[in-house]
Amino acid sequence: MPPPGRPRSFDREAALQAAMLLFWERGYEATALSDLTRAMGISSPSLYAAFGSKEALFREAIALYNSAEEAVGEHSLQKHPTARQAIEAMLRDNADAYVDPSTPRGCMVVLSATNCGPDNQRVQEFLAECRESDYRAVHSRLERAVAEGDVPAGADIAAIASFYLTVLQGLSIQARDGCSRETAHAIIDCAMVAWPGLVGASG
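Since the model is a prediction, treat every value here as computed from it, not as a measurement.

The rules behind each value
Residues numbered from 1 in each chain as written. Predicted model: local features only at pLDDT ≥ 70, side-chain atom pairs only at ≥ 80, totals over all residues. Heavy atoms only, no water. Salt bridge = Lys/Arg side-chain N within 4 Å of Asp/Glu carboxyl O. Helix = DSSP H or I, 4+ residues; strand = E, 2+ residues; numbered from the N terminus. Phe/Tyr/Trp six-rings, centres within 6.5 Å; stacked < 30°, edge-to-face > 60°. Buried < 20%, exposed > 50% of the residue type's maximum accessible area, 1.4 Å probe, protein only. Lys NZ or Arg CZ within 6 Å of the ring centre and 35° of its normal.

Draft legend 1. The pattern of salt bridges, seen in detail. Per the counting criterion, the structure on display carries eleven salt bridges. Here Glu-60 makes a salt bridge to Arg-12, at a shortest N to O gap of 2.7 Å. Of this pair, Glu-60 sits in helix H4 (residues 54-66) while Arg-12 sits in helix H1 (residues 12-26), placing them 48 residues apart in sequence. Residues joined by salt bridges that share partners form a network here, namely Arg-84, Glu-88, Arg-92 and Asp-189.

Printed below as a string of structure tokens:
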């Protein structure tokens, strides 16, 4: 919090939103402190006073990104009665977000620190943990499906979760490379054709 009698002269939430968009578009290492202060409309001392460091700001930006509907989470995975419908919805909802012209293309968690130098390994590891959380969310939904009899007990749900997370992350790369919404959904069509074989169902 700012010291008594010295309130912040900027909107912290708006500044964080601006930082998120910049990190999302350029990636962690390619975003300089001067880029951030310019986009956020604040000075370097204000940035450090409000957020602590560039890395701490980035972590808050990721938290803000993950609070939105495009993040893998309960909204997409839990609103449908079957695991197949839930996973398809997760893919399609995220694909639509990835190609939304109002935001940078692709997934911030996938794209913003795929390669980092030694000084920024913690950032890369942090995003790997975020992606692992996405995997656990899908795996948990599949566990629920097995318990409900929706997916056969013998299905390799770890492999299924990994497969669909790989598709999801690949869609992010495709979106950043400029693919259309139609192409993204065609990829998802192909991925869902694999569902019966993955779960060991006849159709």
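Here the narrative resumes.
Draft legend 2. Structural context of the packing of aromatic side chains. The tally for this structure, following the rule as stated, stands at six aromatic pairs. When the ring of Phe-23 is compared with that of Phe-58, the centres are 5.0 Å apart and the planes differ by 85°; the resulting orientation is edge-to-face. Of this pair, Phe-23 sits in helix H1 while Phe-58 sits in helix H4, and the two are 35 residues apart along the sequence. Here Phe-23 and Phe-58 have matching classes, each one buried. An angle of 45° between the planes, with centres 6.0 Å apart, marks the rings of Tyr-164 and Trp-195 as tilted. Of this pair, Tyr-164 sits in helix H9 (residues 157-176) while Trp-195 sits in helix H11 (residues 195-199), and the two are 31 residues apart along the sequence. On the accessibility criterion, Trp-195 (6% relative accessible area) is buried. Of the aromatic side chains, those joined through ring pairs into one cluster are Phe-23, Tyr-28 and Phe-58. Sitting above the plane of the Tyr-28 ring, Lys-54 keeps its charged end 4.4 Å from the centroid. Directly above the aromatic system of Phe-126 lies the positively charged group of Arg-59, at a separation of 4.4 Å from the ring centroid.

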